[in-house]
Amino acid sequence: MNSFTQFIITFCCVSMLFGGLYLLKPSMKSEKTVKYVFSLIFICALVSAISNFKIEDIEFDLKKQSTQSNYTEVAEYTLKLTFEEALRGQNIKFSKITVCTDKNREGGIIISKVTVFSSENPDKIKSVLGGNSAEYEIEVIYE
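The shown structure was predicted, so the numbers you read here are calculated from the model rather than taken from an experiment. (Residues numbered from 1 in each chain as written. Predicted model: local features only at pLDDT ≥ 70, side-chain atom pairs only at ≥ 80, totals over all residues. Heavy atoms only, no water.)

### Remarks on the overall build of the chain
Working step 1: The helix and strand tally for the chain stands at four helices and three strands.
Working step 2: Taking the intrachain contacts of the chain between residues at least 6 apart in sequence as the baseline, contacts between residues at least 24 apart amount to 50%.
Working step 3: If you sum the accessible surface of the chain, you get close to 10,700 Å²; carbon and sulfur atoms cover 59% of it. (Helix = DSSP H or I, 4+ residues; strand = E, 2+ residues; numbered from the N terminus. Contact = heavy atoms within 4.5 Å. Areas by Shrake-Rupley, 256 points an atom, 1.4 Å probe, with all protein chains shown as cover.)

### Quick notes on the packing of aromatic side chains
Working step 1: Throughout the structure, instances matching the rule amount to one aromatic pair.
Working step 2: Both rings, one in Phe83 and one in Tyr136, keep their centres 6.0 Å apart while their planes meet at 55°; by these two values the pair is tilted. Of this pair, Phe83 sits in helix H3 (residues 64–89) while Tyr136 sits in the loop between helix H4 (122–129) and strand E3 (137–142); the two residues are 53 residues apart in sequence, bridging distant segments of the chain. Neither residue differs from the other here; Phe83 and Tyr136 are each classed as buried. (Phe/Tyr/Trp six-rings, centres within 6.5 Å; stacked < 30°, edge-to-face > 60°. Buried < 20%, exposed > 50% of the residue type's maximum accessible area, 1.4 Å probe, protein only.)

### Quick look at the sheet that holds strand E2 (residues 109–118)
Working step 1: The mixed open sheet is built from three strands, whose spatial order is E1-E2-E3. Strand pairing shows two members of the sheet lacking a second neighbour, strand E1 (96–103) and E3, which therefore form its edges. Within this sheet the neighbouring strands show an average axis-to-axis angle of 15°, counted without direction.
Working step 2: Summarising the sheet, E2 and E3 pair through six bridges and their orientation is parallel. Its bridge partner lying in E3, Val116 is registered against Val140.
Working step 3: Relative to E3, H4 is tilted by about 145°, and along the sheet it contacts E2 and E3. (Pairing = 2+ DSSP bridges. Axes fitted to C-alpha atoms, helices over the stretch in contact; angles between N-to-C directions.)

Without other data, these values stay purely geometric and don't point to any function.
Structure, rendered in structure tokens:
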């Protein structure tokens, strides 16, 4: 990344220098010659900066794992909101719901456990959240 930064700094400095010199250029007959010389020097400066620039120095650290963990967190949050809404729809009072997930072989997210903190009837909560679901465990913690 250092090479890229040096290239940008060189480009900006050369551009500013030649911009200032262009303002001071003589007008009349030698105007085209001065423009030509400035253009050649500018191109040489850029070629020099590019020759020092190495693609290998650029590090792209795209973390697939963090994206995947964000996906898992979003899925857990969405599932939590779904379960909360299901309980509210049945007028079941609760203080907290936690959802634990796992990944299956295909890379999908599956629910492994739902924990509900409530003083309501555990059987009623279990029937609302999945009945006799063998897919995931429903735990009700009495408060």
